[in-house]
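If you want the building blocks of each chain, they are given just below.
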Number of protein chains: 2
Amino acid sequence: MTMPGSALSAPASPLLDPGLLAAAPTGLAELGRLVHEIARECADGLRGRGGPLPALSPEDLTGLVDAQFPDGVVPRNGAGTGAVLALARACAQTTVDLADPRAAAHLQPPSLAVAAAADVLAGIFNASVDTWDSGPYAVEIERRLVKGICGLAGYGPESGGVLTSGGSASNLQALLVARDAAAAKLRDVRSGGLAGFGQEPLVFCSELAHFSVARACAVLGLGEDAVRTVPVDGRHRMRPEALDAMLRRVDPDTQLPVAVVATAGTTDYGSVDPLPEVAAVAREHGVRLHVDAAYGCGALFSDRLRPLLDGIGEADTITLDLHKTAWQPAAASVLLARDAADFAPTTGLRVAYLNPDDDGEAGYDGLLGLSLQTTRRADALKVAATFLALGTDGIGAMLDACHDLARHAERAIAAHPRLALTAGVTLSTVVFRYVAGDPSASDHVNGELRRRLLRAGAALVGRTDAPGDDGRPAVHLKLTLLNPQTRTTDVDGLLDAVVRAGRAVEEGSAA
Amino acid sequence: MTMPGSALSAPASPLLDPGLLAAAPTGLAELGRLVHEIARECADGLRGRGGPLPALSPEDLTGLVDAQFPDGVVPRNGAGTGAVLALARACAQTTVDLADPRAAAHLQPPSLAVAAAADVLAGIFNASVDTWDSGPYAVEIERRLVKGICGLAGYGPESGGVLTSGGSASNLQALLVARDAAAAKLRDVRSGGLAGFGQEPLVFCSELAHFSVARACAVLGLGEDAVRTVPVDGRHRMRPEALDAMLRRVDPDTQLPVAVVATAGTTDYGSVDPLPEVAAVAREHGVRLHVDAAYGCGALFSDRLRPLLDGIGEADTITLDLHKTAWQPAAASVLLARDAADFAPTTGLRVAYLNPDDDGEAGYDGLLGLSLQTTRRADALKVAATFLALGTDGIGAMLDACHDLARHAERAIAAHPRLALTAGVTLSTVVFRYVAGDPSASDHVNGELRRRLLRAGAALVGRTDAPGDDGRPAVHLKLTLLNPQTRTTDVDGLLDAVVRAGRAVEEGSAA
């Protein structure tokens, strides 16, 4: 237990006039001071901790925050910036500390200091990239950022793209583009809707594709039943010949293939579908290919891992989450299109108050026509700052380091008598199980040992369902290694903690 | 022309190891230092400016940024944090300076220093509110923030809500909820899609509703043709009796009303539809009511303006953009539902790797089930910090100040022989025209005078289409006053600049 006492502590005295505007000269000076103070409170708040999470149950935390804010967080009267510093300290005391090497659960990296610092530019100026005159420099930077990433993906000069609020939003927009392209063969779905769609829409993805694909189908009115899951091979990759067979069975009189979605970096395994083969099948059947590289995109920056993405340039659209394997604070997702004109039917839009034709002709154009958002934060600034500071080589080296750590974990798990390796490493994840003495208790023991580590704040490992010994879904554990500062001894310690917690659960001892 | 020389200037020396993680002790210290340096570069960059925009054409700016980054912004080799400071300085030199009182175009406020500073917490810890163990404190804060705003809106204990990436996203999700609620009467649209929807879906909103309503209909597969625009009265507010008549004409055998969307703060006029009357009509016809209060939500915090929102608690869902009238940096949109259970059919979701049932039963639940996003930034932290520092009274006073400025502008325009007032003030906008000597040249003169001010960097006013003398759409100008530090003499100066630019266009002099 590392929480200081029973309450979230309150620090320091107010610093600034809380009504100052960030971009005013006085506001900028005070913002610099306040961030400095916030960083100090964060350091103080983290200092007393013993692990990546506070040693608190959810109920405990709720009680502490209730005590911190007895009148809620939307009071009538303000308390000045002292309240902000108290919030910062409490956040540091009770957040998940992704910089702790024992945090290895989600595709949520510790952010780079340079990115978090540069992100303040978005907040200070509040530029919006929808129109030129709401953020001209940010518009220019986003255009160059997208162009640079298009080049890395192997896209040509007709390509384009846009930043979105996350991988789910990127996948949604990609499938929207695909839906409207497919439906254009039939009728004008944009104006008339899907009510008369007639044919049954189909979206093909592997059984390990992210759930946002099915959810996007539901949002877009295609229905989750539109999803056809293609089997995977022993390395958790879509089987192209199975995809081919499924596409051959499509009845063109009653069914309409909307898209094939390949995954470059599955959430659980990091496995990458065989892109050249999948692309060839999609092309042969005349179906659009979207590649969800939300996780795998980091391989674009690594000489060692780049071959995993061979063929990605054949995709019609690509999702890349730079808030995963480029160590950005969220959100920093990018949706690329091999042909930027693909965006026009779905998001191309002229609005009298934002981008009228005559302004566009005079060069005053923003990025409204590429996005489903209107006001849109200048997320490109932090990303560009990061690449300018570290280069793609710097980011690639971070992914290589995580890949090395995952390989180490893979070997350690395989060698450990109480751990069973489920899947080896492609990017930076390892799936495994604690081997329960009573195999029928495996689900309970694995689920409970993870919560036991959570409650103690000692370690944060991931979990998921994977086929168990009988082929049915069973609770598995997962390490997602995204902290390049982690050492191999840290990984060893994390695995030891898992085994100790598993034993404790089996022995029925109190948490 | 206020740009220093012909190039974007490069400052200072590198500060930090660009690979530091933000939440590590060394990272926190260096982040504090780097933000301080960034703020200084911003102040330096702003100092030489003579107006809210750089005195640059779009082509000029493109050329400057090309010169700044001859190798693009995604280089193979990093240049350290010096590059970040250069980016910051160039951004300050060429961004739109919303703190300049002559920036009065968009619903894009100058952000509060306290909000921009507190936002660094989201970047440092990179918490994600989708699951408890990816950001427990942020989850607690978002819950309290939503609860507090629900209370201000008059919602009861069953209410709930979620932060989204913007007003367009909030409106999209509100209409998704409405679509699936309406379709549930017919069949399970979530799984089966809209292909067999059968009936023609209808969404009713005023002709001044935001374009995101029609776009959401297109995205959701309802089609833009689903939108039925209800006429407005002389004060730009939906006519409830017209809505009632339109709903009476619905053919229940072939048509399905999905939602009524009322606007509380139209983009152009700030006008607020008569919420109690619209709610009564919607209720009588059994149709869901969504209120788009993206702009008008600020009135919740103002004793003076709160009566505009009377009746808002009768809405089924409400969009509130705190990145508009709560002076937050984007994004800080909130979607509220009077009954939180409404979210369940559309976004309620359990995923083995994120929120399995047994974790949920143990209290380890995040906000995944409320959102269309998966990874989601802890935007609630900056918002809560702002309310804690200023209180709702502090924010309300800012809106009151902007309302006063708009009233002043309204009077000044009405009194000016070369300006014609189109619409008076409800919140903080004024729509007007420069009176061209040749009325047939009015569109050209008004459009061009605005660009002339843009090119000179001297002032940033908004524009939109509104009915002209002949009732057809004509180019109008708009002041959106969201800077509470602006003085009435600044407003007078802005209107003088408009008139001078109009005369110059008419006289055909060079920009």
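Residues numbered from 1 in each chain as written. Chains lettered and ligands numbered in written order. Predicted model: local features only at pLDDT ≥ 70, side-chain atom pairs only at ≥ 80, totals over all residues. Heavy atoms only, no water.

Student: Just give me the short version of the packing of helix α2 (residues 58–68) of chain A against helix α6 (residues 136–153) of chain B, but keep the residues and values in it.
Tutor: Running from N to C, α2(A) and α6(B) cross one another at 55 degrees; their axes reach a closest spacing of 10 Å. Considering the angle they form, α2(A) stands oblique to α6(B). Our pair here, α2(A) against α6(B), has a crossing hand that is right-handed. From α2(A), Pro58(A), Leu61(A), Thr62(A), Val65(A), Asp66(A) and Gln68(A) reach across to α6(B), where they touch Pro136(B), Tyr137(B), Glu140(B), Ile141(B) and Arg144(B). Taken together, the residues that form the contact of α2(A) with α6(B) break down as six nonpolar, two polar and three charged. (Axes fitted to C-alpha atoms, helices over the stretch in contact; angles between N-to-C directions. Helix = DSSP H or I, 4+ residues; strand = E, 2+ residues; numbered from the N terminus. Parallel < 35°, antiparallel > 145°, perpendicular 65-115°, else oblique. Left-handed = near helix turned anticlockwise from the far one by under 90°. Contact = heavy atoms within 4.5 Å. Nonpolar A, V, L, I, M, F, W, Y, C, P; charged D, E, K, R; others polar.)

Student: Talk me through the interface of chain B and chain A; I want residue IDs and the actual numbers.
Tutor: Taken together, the contact pairs 163 residues of chain B with 163 residues of chain A. In total, chain B and chain A occlude about 13,800 Å² of area from one another, counting both sides; carbon and sulfur atoms represent 62% of this. Our count for the chain B to chain A interface comes out at 10 salt bridges. Note that Asp133(B) is salt-bridged to Arg450(A), the shortest N-O span being 2.1 Å. Along the contact surface separating chain B from chain A lie 58 residue pairs in polar contact (both at pLDDT 80 or more). Considering only residue class, the side of chain B that touches chain A consists of 89 nonpolar, 47 polar and 27 charged. (Buried area = accessible area lost by both parts, 1.4 Å probe. Salt bridge = Lys/Arg side-chain N within 4 Å of Asp/Glu carboxyl O. Polar contact = N/O pair within 3.5 Å; in protein donor to acceptor, adjacent residues only side chain to side chain.)

Student: Describe in detail the environment of Gln108(A), supporting the description with residues and values.
Tutor: Position of Gln108(A) among the secondary structure elements: in the loop between β1 (103–104) and α4 (113–118). Here Gln108(A) falls in the buried class, since its relative accessible area comes to 8%. Between the C-alpha atom of Gln108(A) and that of Leu481(A), which follows or precedes it by 373 residues, the distance is 9.6 Å. When neighbours within four sequence positions are excluded, Gln108(A) is seen to be in contact with Val96(A), Leu98(A), Leu482(A), Asn126(B), Ala127(B), Ser128(B) and Ser134(B). Among the polar contacts listed, one links the side chain of Gln108(A) to the backbone oxygen of Asn126(B), at a separation of 2.9 Å. (Buried < 20%, exposed > 50% of the residue type's maximum accessible area, 1.4 Å probe, protein only.)

Student: Could you give me a rundown of the UniProt feature "modified residue: N6-(pyridoxal phosphate)lysine" (unreviewed entry) in chain A, with the residues and numbers involved?
Tutor: When the UniProt feature table is mapped onto this chain numbering, "modified residue: N6-(pyridoxal phosphate)lysine" (unreviewed entry) sits at Lys324(A). In this structure, Lys324(A) sits in helix α12 (residues 322–325). Among residues more than four places away in sequence, those in contact with Lys324(A) are Leu107(A), Pro109(A), Ala294(A), Tyr295(A) and Thr375(B). (UniProt positions renumbered as here; feature names shortened; annotations may be inferred.)

Student: Which residues make up the sheet that holds strand β10 (residues 429–434) of chain B, and what values go with them?
Tutor: In sheet architecture, strand pairing relies on hydrogen bonds along the backbone and comes in two forms, parallel and antiparallel. Residue and element names in this part refer to chain B. Spatially, the five strands line up as an open sheet ordered β1-β11-β12-β10-β9, and their pairing is mixed. With one partner strand each, in any of the chains shown, β1 (103–104) and β9 (419–423) form the two edges of the open sheet. In terms of strand pairing, strand β11 (residues 460–467) meets strand β12 (residues 473–480) through six bridges, oriented antiparallel. Across the sheet, the residue bridging to Gly462 is Lys478, located in β12. Of the strands in this sheet, β9, β10 and β12 are in contact with helix α15 (residues 380–415), which crosses β10 at around 20 degrees. In the packing of helix α17 (residues 488–507) onto the sheet, contacts are made with β1, β9, β10, β11 and β12, and the angle to β10 comes to roughly 25 degrees. (Pairing = 2+ DSSP bridges.)

Student: Would you mind going over the pattern of salt bridges in detail, with residue names and values included?
Tutor: Overall, the coordinates contain 70 salt bridges over all chains when judged by the stated rule. The partner of Asp470(A) in a salt bridge is Arg472(A), and the shortest N-O contact between them spans 3.2 Å. We note that Asp470(A), like Arg472(A), is exposed. One salt bridge in this structure joins Glu200(B) and Arg228(B), with 2.8 Å as the shortest N-O distance. Of this pair, Glu200(B) sits in strand β3 (residues 200–206) while Arg228(B) is found in strand β4 (residues 227–230), placing the two residues 28 residues apart along the sequence. Taken together, the salt bridges that share partners define one network made up of Asp119(A), Arg377(A), Asp379(A), Lys382(A), Asp119(B), Arg377(B), Asp379(B) and Lys382(B).

Student: Tell me about the environment of Leu308(A), and please be specific about residues and values.
Tutor: Residue and element names in this part refer to chain A. Residue position: Leu308 is located in the loop between β6 (289–293) and β7 (317–321). For Leu308, a relative accessible area of 30% gives the class partly exposed. Through-space distance from the C-alpha of Leu308 to that of Phe211 is 22 Å; in sequence the pair is 97 residues apart. Non-local contacts of Leu308, meaning those with residues more than four positions away in its chain, are made with Val272, Leu275, Thr426 and Leu427.

Student: Would you mind going over the relation of the copies chain B and chain A in detail, with residue names and values included?
Tutor: By a simple turn and slide, chain B fits onto chain A: the slide is 0.0 Å along the axis, the RMSD is 0.0 Å, and the turn is 180 degrees. Here the copies are linked by what is in effect a two-fold axis. Both copies share a contact surface, since 100% of the interface residues of chain B are interface residues in chain A too. (Least-squares fit on C-alpha atoms with pLDDT ≥ 70 in both.)

Student: Outline helix α16 (residues 442–456) of chain B, listing residues and values.
Tutor: Between its first and last C-alpha, α16(B) extends 21 Å over 15 residues, near the 21 Å set by a 1.5 Å rise per residue. Within α16(B), 11 of the 15 residues are buried, which leaves the element mostly enclosed by the surrounding structure. Within the sequence span of α16(B), burial applies to Ser442(B), Val445(B), Asn446(B), Gly447(B), Glu448(B), Leu449(B), Arg450(B), Arg451(B), Arg452(B), Leu453(B) and Leu454(B). In the core, the buried residues of α16(B) are packed alongside α14 (357–361) of chain A together with β10, β11, β12 and α17 of chain B. Gly457(B) sits one or two residues past α16(B) and shows a positive phi near 70 degrees. (Expected span 1.5 Å × (residues − 1).)

Student: Talk me through the layout of surface pockets; I want residue IDs and the actual numbers.
Tutor: Once rolled over the atoms, a probe with the size of a water molecule shows which space is left empty. Residue and element names in this part refer to chain A. By volume, the second largest pocket is sized at about 540 Å³. Lining the second largest pocket are 26 residues, and of these Glu207, Leu208, Ala209, Asp268 and Asp465 lie nearest its centre. Taken together, the elements giving at least two residues each to the lining of the second largest pocket come down to β3 (200–206), α9 (211–219), β4 (227–230) and β11 (460–467). For the lining of the second largest pocket, the residue count by class is 15 nonpolar, seven polar and four charged. Counting residues domain by domain, the lining of the second largest pocket receives three or more from each of domain 2 (158–187 + 200–345) and domain 3 (391–510). (1 Å grid on protein atoms, 1.4 Å probe; cavity = no way out; pocket = protein on both sides within 12 Å on 5 of 7 lines; lining within 4 Å. Points joined across faces, edges and corners; volume = space filled by probe spheres on them. Domains from an automatic or database assignment.)

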